[in-house]
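Architecture at a glance
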Amino acid sequence: MDLDSYPIYSHGGLAQIIKHASTPEKRLKAVLSTKQMPEKQAISLLRFALKDPVDDVRLLAYSMLDTKEKSISENIHQHLKVLRNTVSRKRQRILHHLIASNYWELVYLDLAQGGVRRHMLDQAQAHIAKSLEIKRAAPALKLYGRILGEAGKLSESKAMFEAALNEGMAEAEVAPYLAEVAFISGDFHQVEDYLRIYSRSDKQTPTMQPILKYWLT
């Protein structure tokens, strides 16, 4: 098997192969093909592959997950090291934002579970709050909104997204997240309103198309 020439599969197709392919070679090939997918989808499949009955498949999936987690964790370590020796307030703000983004990525990609996940959410919140103490900036407010939403603090999350709008961020940048908050809160009319705003923008992504189709057609 030429593992350097694996094809691109859809998420559903890869899931079926990883779950049901009769030979470990096919499952190994599918695990490798996750490199060509969006990271969040890939990681969900790699987590499933950790249950494979064949050692080689499990070890490959574990190695790929571990490599991604270590890369992000190393970024956090390096940013913290630089932060400890930084006196510039502008540089401190940027570093706090970068550290919060890295912690958020570990949570968003489901690379942390249980108590570790809660700790990383807390760290992401602490660092983005420090960034905002130095200067209120729309991207930081948006990130804070996402972190708070993941922590289940919906009203605070919505307030941060609205603050990002007040700081000049385009509606389409935060509309999907406001729609998510509205959905969890049961305010389905607002879900449609926010998704219509998003649908009129040029920032649409392929992953949002099924959602837009369901709600708006």
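It should be noted that the structure appears before, not after, this text.
So, here is what we can say about the structure in this document.

Rules used in this analysis
Residues numbered from 1 in each chain as written. Predicted model: local features only at pLDDT ≥ 70, side-chain atom pairs only at ≥ 80, totals over all residues. Heavy atoms only, no water. Phe/Tyr/Trp six-rings, centres within 6.5 Å; stacked < 30°, edge-to-face > 60°. Buried < 20%, exposed > 50% of the residue type's maximum accessible area, 1.4 Å probe, protein only. Helix = DSSP H or I, 4+ residues; strand = E, 2+ residues; numbered from the N terminus. Lys NZ or Arg CZ within 6 Å of the ring centre and 35° of its normal. Axes fitted to C-alpha atoms, helices over the stretch in contact; angles between N-to-C directions. Left-handed = near helix turned anticlockwise from the far one by under 90°. Contact = heavy atoms within 4.5 Å. Nonpolar A, V, L, I, M, F, W, Y, C, P; charged D, E, K, R; others polar. Salt bridge = Lys/Arg side-chain N within 4 Å of Asp/Glu carboxyl O.

Before going further, it helps to spend a moment on the packing of aromatic side chains. In the structure shown here, the tally under the stated rule is six aromatic pairs. With a centroid separation of 5.7 Å and an interplanar angle of 55 degrees, the aromatic rings of Phe183 and Phe188 are classed as tilted. Among the residues examined, Phe183 registers a relative accessible area of 47% and is labelled partly exposed. Consider the rings of Phe183 and Trp215, whose centres lie 6.1 Å apart with planes at 85 degrees: the pair is edge-to-face. On the criterion of sequence distance, the pair formed by Phe183 in helix α9 (residues 171-185) and Trp215 in helix α11 (residues 209-216) is long-range, its members being 32 residues apart. Grouped by ring-pair contacts, the aromatic residues Phe183, Phe188, Tyr214 and Trp215 constitute a single cluster. One residue, Lys40, lies across the ring of Tyr108, its end atom 4.6 Å from the ring centre.

To characterise two packed helices, one gives the angle between the axes of the helices and the distance between these axes. Two elements in contact, helix α5 (residues 89-108) and helix α7 (residues 138-150), have axes separated by 11 Å at closest approach and are oriented at 35 degrees. Crossing of α5 over α7 shows left-handed handedness. Contacts from His97, Ala100, Ser101, Trp104, Val107 and Tyr108 in α5 reach Pro139, Ala140, Leu143, Arg146, Ile147 and Glu150 in α7. For the contact of α5 with α7, the residue count by class is eight nonpolar, two polar and two charged.

This structure, assessed with the given rule, holds ten salt bridges. For Lys70, the salt bridge goes to Asp66, with nearest N and O atoms at 3.0 Å. Pair noted here: Lys70 and Asp66 are both in helix α4 (residues 55-84), with a separation of four residues, about one helical turn. By relative accessible area, Asp66 is classed as buried at 19%. Here Glu173 makes a salt bridge to Lys142, at a shortest N to O gap of 3.4 Å. Here Glu173 is found in helix α9, whereas its partner Lys142 is found in helix α7, with 31 residues between them in sequence. When its relative accessible area of 27% is taken as the criterion, Glu173 is described as partly exposed. In this structure Lys142 comes out as buried when scored by relative accessible area, which is 17%. Through salt bridges with shared partners, a single ionic network connects Glu39, Lys68 and Glu105.

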